[in-house]
Each structure stands twice: as C-alpha cells, then as structure tokens.
Amino acid sequence: MKNNVIITCAVTGAGDTLAKHPDIPVTPQQISDSVIAAAKAGAAMAHIHVRDPITGKGSRDIELFKEVIGLVRASDTDVIINVTAGMGGDWIPSQENPNMPAEGSDLISAVERMAHIKAVQPEVCTLDCGTMNFGDNDIYVSTLDCLREMAILAQQWGVKPELEVFDLSHIRIAQQLMTEGLIDDDPLFQICLGLTWGAAADSESMMAMRNALPANANWGGFGIGRMEMPMVAQAVLLGGNVRVGLEDNIYLDRGVLASNESLVQRAREIIERLGSRVVSDPVEAREQLGLPAVSHK
C-alpha cells in the first residue's frame, strides 16, 4: 500500500458533459478557479483541458491554454500543471467512404498536437500511448511514430510526459519509447480505466496493468463514472497515486452532482481512512515524481 499519495484533479476534460452538469468549468476563469479550488482541497496536480467559451466543447485553442495557465500561475496557489496533449487524434470514418473523415474528425500532426505545450511550458503533459476505439465508429489515433515525435518534443522542452495507458498494449508502446531513450528515467504512468473499449475499471485490470509497469515507474490510476472512488481505493492499495475530477465523473453520490473540490475531498477521505497520507504540498509532490523545483510567486 502506498503511504504518501498524490491526488491529481482532472478539472473539465473535453467530453459532452455540460448538458448533464450545469457547473462544468468552461471559461478560462472558471477552469482556473476550479484548478485553484481543487488544489486548496488537496490536489497537488491539476490535469487541464480547455473548452470553447461559447459552445462549451473541448478545444485546442492555444490562446485559451495560455489564459487558463496564466491565471493559475498568477494566483497565490501552487499546483503542478499537467496539460493534455491528447487533442487532435479523433478519426470518424465516413460511412460512404471509410478512407475519408466524417464530421467530428479532428486528426492533426504531432507538432500541432504539441503546439500549446510549447507555448505554455507546463511541468507535465500527457501522451496517450496507443490507438483505440472510443465508440462504435470513433477511433483515437496515436501511432508509434506520432508518439515518438511528441516524446522528442517534450524531452527537448523539459516537459515530463504522463504516459496515459488504457490497456496492456499501451504499456508495451510506452516501454518501447523508453527503450529508444525518448522517455527519461523514472517514467510517470497514468492507468486509465473504464473508457469505452479500453480496459475495464476493476481490480483485476488495475493489478494486471500495475504489474506490467517498469519497476522504476511512478504511477497513478483512475476509473470513470461510478467506479471513480473504488479505483481510488484500489490504486492506493496497489501502491499508486490517484486521479479524480469532473473530466472522469460528475457525481459525488447517486443523483448528487459533484464539484472538483468535493471529489478531491472524497478521495482524500478514502486515502486517509485506508491509513495513507495525502501529499497536498506540490513541493513534496514534485520531489516524489522527480520534477524540478518550481519557484511559485
């Protein structure tokens, strides 16, 4: 069991959750405010997406990322900034001609996927380590060559990749990047469970994936929806850190809509009741994850 547990809060995501929850953070001010509230509740790391302020849909607008992260950095609250690099991999084949994209596709190059990372220079950015089915006709495309290029850019900029793995094959891909020297020592993994057609959010899947990780890995895990809190407990018992947030689950209890800070507080209660300690100080969390110290003003 892990004694010192880091909580990451994924504050908004890019999914179509706004119709189900009226208080999903959408504007840069709302997103930055939610990051700060989650940090004050005990999350040492915040995983950040942005949304179009008008439509509420997920966005990869560089200026929105700059605004959100600028607001967080200008605040009096320190938090490890973890920015998604997962946008721009969506492919929906046309029913009439599968060689062509249907409406909703958004497939861009590795350089374009990393453009906002270059602009804002976060401490951590995600690398989604494999192609997978996200729906009946929706594919997330993340080829090994694309990942190689993204990893090289992150390495050049001094940004630590969080290797997001959705099944066992993704861990093999991440290990290949490590073998090629594209991921530095003490890699950071995130075991992502319960997404459509990825590994299930259950104890067996988390244990199997944990057991496949490199011995020197720092790792966390999460489950989506109603399995969010059970997977918090499971990750702690297996020696990992945890992730919660409105990107992954919008309910605190059955029929009770959550806030990011309430999800962090619930995760903290579970961790502490299991006899572990929450690492809420980002300075300590950086040391635990092998991140450089940051001077926060």
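First, a word on what this report is: a plain description of the structure on this page. Only a predicted model underlies this, so the values are computations on that prediction, with no experimental measurement involved.

### Section: the sheet that holds strand 11 (residues 139-140)
Two strands in a sheet stick together by hydrogen bonds in their backbones, pointing the same way (parallel) or opposite ways (antiparallel). One open sheet accounts for four strands, arranged 8-7-11-10; its pairing is antiparallel. Among the strands making up the open sheet, the edge pair consists of strand 8 (106-107) and strand 10 (132-133). Bridge count between strand 7 (residues 89-91) and strand 11: two bridges; the pairing is antiparallel. Note on strand 11: the bridge partner recorded for Asp 90 is Tyr 140.

### Details of the sheet that holds strand 13 (residues 188-193)
Here eight strands make up a closed barrel; going around it, the order is 2-3-6-9-12-13-14-15 and the pairing parallel. Across the sheet, the mean angle from the axis of one strand to that of its neighbour is 25 degrees, orientation sign disregarded. Sheet strands touched by helix 8 (residues 228-237): strand 13, strand 14 (218-223) and strand 15 (241-244). Its angle to strand 15, the strand with the most contacts, is close to 170 degrees.

### A short note on the packing of aromatic side chains
The full count for this structure, using the stated rule, is two aromatic pairs. Ring geometry for Phe 134 against Tyr 140: centres 6.2 Å apart, planes inclined by 70 degrees, an arrangement best described as edge-to-face. Ring geometry for Phe 134 versus Phe 166: centroids 6.2 Å apart, planes at 70 degrees, classification edge-to-face. On the criterion of sequence distance, the pair formed by Phe 134 in the loop between strand 10 and strand 11 and Phe 166 in the loop between strand 12 (160-165) and helix 6 (168-179) is long-range, its members being 32 residues apart. On the basis of relative accessible area, Phe 134 is assigned to the partly exposed category, the value being 31%. Through successive ring pairs, a cluster of aromatic residues spans Phe 134, Tyr 140 and Phe 166.

So, how was this worked out
Residues numbered from 1 in each chain as written. Predicted model: local features only at pLDDT ≥ 70, side-chain atom pairs only at ≥ 80, totals over all residues. Heavy atoms only, no water. Pairing = 2+ DSSP bridges. Helix = DSSP H or I, 4+ residues; strand = E, 2+ residues; numbered from the N terminus. Axes fitted to C-alpha atoms, helices over the stretch in contact; angles between N-to-C directions. Contact = heavy atoms within 4.5 Å. Phe/Tyr/Trp six-rings, centres within 6.5 Å; stacked < 30°, edge-to-face > 60°. Buried < 20%, exposed > 50% of the residue type's maximum accessible area, 1.4 Å probe, protein only.

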